[in-house]
Amino acid sequence: MISSFAPIKALHSTARRITWLAMVFCLTLPTLRIASAEETKLLKAVLSKHCLDCHSGASPESGLDLHALSEVPLTDNLDMWIQVHDRVLAGEMPPADYAIIDSGIRKQFSRHLSDTIIQHQQREQSEQGRVRGRRLTRLQLERTLHDLLGIDIPLAAEMPADPVSHGFTTVADGQPMSHFQLLTHVNVVDMALDEAVRRIAEDAQHPVMELSARQLARENPNRRTREPEMLDGDAVVWSGGVTFYGRLPATTASQDGWYRFTAKVSALNCPDDHGVWCSVRTGKCVSSAPLLPFVTAFEAIQTPKQIEFEAWLPRDHMLEIRPADATIKKARFQGGQVGTGEGAPQNVPGLAIHQMTMQRIHRNSDEPVKKKLFGDLVLELESDKCSLRVEDPVLAAEQCIRRFARRAFRQPVSEQTVKPYVAYCLDLLESGTPLLDSLVAGYRAILCSPRFLYFTEEPGRLDDHALASRLSYMLWNRPPDAELMECANAGLLQDSSVIEAQVERMLRHAHGKDFVRDFADEWLTLNQINFTSPDSKLYPEFDLIVQHSMLLETQTFLQVMLDENLGADHLIDAPFTFLNNRLARHYGVDGVVGDELSRTMLEPGHHRGGLLTQGAILKVTANGTTTSPVIRGLWVVDRLLGVDIPPPPKNVPAIEPDIRGAKTIREMLDKHRSDPSCASCHIKMDPAGFALENFDAAGQYREHYVRLENRKRSQGALIDPSYEIADGKSFSSLSEFQELILQEPEQIAANFVRQLLTYGTGAPMAFADRGEVQSIVDEAEAHNFGLRSLVKAVATSELFRTK
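Source: prediction; values computed, not measured.

1. A short note on the environment of Thr 243
Within the element layout of this structure, Thr 243 appears in the loop between strand S3 (234–238) and strand S4 (247–248). In this structure Thr 243 comes out as partly exposed when scored by relative accessible area, which is 47%. For the pair Thr 243 and Gly 336, spaced 93 residues apart in sequence, the C-alpha to C-alpha distance is 7.3 Å. With residues up to four places along the chain from it excluded, the contact list for Thr 243 reads Arg 226 and Arg 322.

Laid out in structure tokens, this is it:
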């Protein structure tokens, strides 16, 4: 923990109680043996002088009778003891205004408690492992079924959301398995197998459908509707607020699937300094089915340009393509419909679609589905019915089941393991079930086995195959590929240099881009970016295109940090970011052109730098209406600094900002912090939150709060981002706060390591793991704590290679 966040000296009585509780336990419990009688005598004297007069008798302070606790084992209150250790070692307890403890005694106490906790946790880990039974998340299950079967249909959404534990869905102690989840798993397996069998009989190549502007436009030009109108040979959609305006019935999917689209587009009535930004969404585009998933965005300009994108379309769903920039003028249309010729006279920007193509495609098609399921067996098709032609069905069934089990279980399988699945398949075959159907039934049984759903890991060092799975699911969220499995089969993964080489290869692989997106989604809570929508009256310039660009900015920034092995300090502050011209206008950054993200150097006047000031982070740490230094501050210390903040007391109400602007959040928090039970945590959280107060809920920089009076925006109080951190150092701006944090960059690196280990191994960092985390950080120091170096150091660490 960096000195900037060292706890304050004066704390409330509950914190004092915890520290003195530690002293009592040291004196009374046989599990906490004091090395010397002198030390015991001294601690008893301290206890008697400073504690028992308040914490004993019929009415002890805070209801804590220290004598009554002598029979409580340390292991029953391990988390509390870790807090006790950290607070005492940091000098937080006992408070200076209550008692002064000799530094030597403080160190002896901390060392003894540390040794006791470590011994207990290491003994437990040696017997059971750090990680308990861990299963695939719904994302991992989807990608695993995709790889096994060669299919590409979305499956994760068919399963219940995974609970989050310690910040991640991959953590074992947050992965219950209920009857409903088991039923859902079986249903998803059936969906996947049905799709695989359907794909076998399907023509692998789908034709390209060419769509002219005439086909994309409304059929009856005299009817007021929501399809584009024909104008000068193009299908035109004007900027406006009518729901589903820009829907394209010609793109309606005849069956569920992934589709690739190309379109030639241009802009009408462009603004002077930019093009017309448009969104692409999908849906039925009728009032009974209002949800429209976002696909992509692009900037149309006066010169025609070609765009290309892919989208998943369920049957009967279509595209909606329309101008969607909140900053441009919108036309007014009556009755929720648009008539031909009504938009042009209003002189608003518009989109002209010249032509489109649409083609059904299959993703994840590195190997035919038939090859993945049945190897080299001969497949026969008759009236859309598939069958397998073999000379020896029994031998073929045994070989297919064994091969599939090895791939599904992600390790070699013994005869005893595979025997029940072979027997089940052969029983079906003997009863007259066709070979193909018998094999699919056997595959279903395998995919419903705990060996498929759960990671197979034994206490101690992971074997090569378990390590291959752990590495692959950390970096790709999918099973090991052929090369990684070959390394595991050859027993090469016990060699750190081989692991490093595999990490390098896997990060460069096409799947390597998934690592940043998947990890950041949970670590930085980017998966919650759709959770709130900024109030359009308070933040009229925000739109879905901005949100999409914000997300891409953070993902691209992290990917470049990983690719270029940039130091972890860039997470807090960096001289560049990635912007397109829509996001640049939102941020107030000039000189950015085009709809592709480009590396943009930042200047002091931009008020940007690092993750802290990126719109995606600022949005997920706000509620869509107001900002709170508490919420943002807690996010920063938890996600970027690694400072543990316990939950607030149940009897302390949350602070709700006054949206009328009568009081600033600073004024409200000053009163809140006067409660001693709140001060000890707020001194750690609030500095980071106040440093970010110049950014609103939509990620824009501001000097004043905004008030909403009579449904209109007005300027509120001047924002004061200054604050004082716990060690007495003060800052007056975000940049000064960033400088204070970056005085100890190893804290940022250590937090990244802890977050990645928790995500990758499925268990939070224990007290006993702290030494190994520090070793990982030390190893990466020679590379300036570069992100790529940290990932490799994590993958080769004992923590990662041990259950």
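2. Side note on the packing of aromatic side chains
Counted under the stated rule, the structure contains 20 aromatic pairs. Plain terms: the ring middles of Phe 168 and Phe 519 are 6.1 Å apart, the flat faces sit at 10° to each other, and that makes the pair stacked. Taken together, the positions of Phe 168 in the loop between helix H5 (138–149) and helix H6 (179–200) and Phe 519 in helix H16 (residues 512–523) put the pair 351 residues apart, joining distant regions of the chain. Considered together, Phe 168 and Phe 519 belong to a single accessibility category, that of buried residues.

3. Regarding the pattern of salt bridges
Tallying each qualifying case throughout the model produces 42 salt bridges. Residue Glu 415 pairs with Arg 402 through a salt bridge whose shortest N-O separation is 2.9 Å. Taken as a pair, Glu 415 in helix H10 (residues 415–430) and Arg 402 in helix H9 (residues 393–409) lie far apart in primary sequence, 13 residues in all. The class for Glu 415 is partly exposed, based on a relative accessible area of 47%. One salt bridge in this structure joins Glu 709 and Arg 707, with 3.7 Å as the shortest N-O distance. Its relative accessible area of 39% is what places Glu 709 among the partly exposed residues. Salt bridges here are not isolated pairs; linked through shared partners, they connect Arg 143, Asp 147, Arg 478, Asp 514, Arg 517 and Asp 518.

4. Quick notes on the sheet that holds S4
Spatial strand order, S4-S9-S6-S7: 4 strands in an open sheet with antiparallel pairing. Of all strands in the sheet, those bounded by a partner on one side alone are S4 and strand S7 (294–300). Here S4 runs beside strand S9 (residues 318–323); their pairing, made up of 2 bridges, is antiparallel. Looking at the pairing, Leu 248 lines up with Leu 319 of S9. Those strands touched by helix H17 (residues 544–563) are strand S6 (276–283) and S7, and its axis lies near 100° from that of S7.

5. Description of the side chain of Gln 755
Its location among the elements puts Gln 755 in helix H24 (residues 745–761). The class of Gln 755 is buried, set by a relative accessible area of 8%. Of the polar contacts made by the side chain of Gln 755, one reaches the backbone oxygen of Asp 638; its length is 3.2 Å. Not counting chain neighbours up to four residues away, the residues in contact with Gln 755 comprise Phe 168, Phe 519, Trp 523, Asp 638 and Arg 639.

6. Let's talk about the side chain of Arg 470
Tracing the backbone shows Arg 470 in helix H13 (residues 464–475). Since its relative accessible area comes to 0%, Arg 470 is described here as buried. Side-chain polar atoms of Arg 470 contact the backbone oxygen of Phe 800, separated by 2.7 Å.

7. Concerning the confidence of the model for the protein
Interpretation of the predicted coordinates at a detailed level should be avoided for regions scoring low in pLDDT. Across the protein, the average pLDDT comes to 88, with 86% of residues at 70 or higher. Predicted confidence for residues 1–36 stays below pLDDT 50, and this span has 104 contacts to residues more than four positions away or in other chains. Scored below 50 in pLDDT, residues 61–70 shows 25 contacts in the model against residues more than four places distant or in partner chains.

8. A word on H17
Across its 20 residues, H17 extends 28 Å between first and last C-alpha, which sits within 8% of the 28 Å expected from 1.5 Å per residue. The buried fraction of H17 amounts to 14 of the 20 residues, a majority that puts the element mostly inside the structure. Regarding H17, its N-cap is Asp 543, as a side-chain oxygen of that residue lies 3.0 Å from the backbone nitrogen of Ile 545 further along. Directly after H17, the chain includes Asn 565, whose backbone phi takes a positive value near 55°.

9. Comments concerning H10
Within an α-helix, residues lying three or four positions from one another point in the same direction, as the helix has 3.6 residues per turn. Spanning 16 residues, H10 covers 21 Å between terminal C-alpha atoms, matching the ideal 22 Å at 1.5 Å per step. Residues Thr 417, Val 418, Tyr 421, Val 422, Cys 425, Leu 428 and Leu 429 constitute the buried set of H10. Contact partners of the buried residues in H10: H9, helix H11 (435–447) and helix H12 (450–453). After H10 finishes, the residue Gly 432 shows a positive phi value of roughly 105°.

So, how was this worked out
Residues numbered from 1 in each chain as written. Predicted model: local features only at pLDDT ≥ 70, side-chain atom pairs only at ≥ 80, totals over all residues. Heavy atoms only, no water. Helix = DSSP H or I, 4+ residues; strand = E, 2+ residues; numbered from the N terminus. Buried < 20%, exposed > 50% of the residue type's maximum accessible area, 1.4 Å probe, protein only. Contact = heavy atoms within 4.5 Å. Phe/Tyr/Trp six-rings, centres within 6.5 Å; stacked < 30°, edge-to-face > 60°. Salt bridge = Lys/Arg side-chain N within 4 Å of Asp/Glu carboxyl O. Pairing = 2+ DSSP bridges. Axes fitted to C-alpha atoms, helices over the stretch in contact; angles between N-to-C directions. Polar contact = N/O pair within 3.5 Å; in protein donor to acceptor, adjacent residues only side chain to side chain. pLDDT = per-residue confidence, 0-100. Expected span 1.5 Å × (residues − 1).

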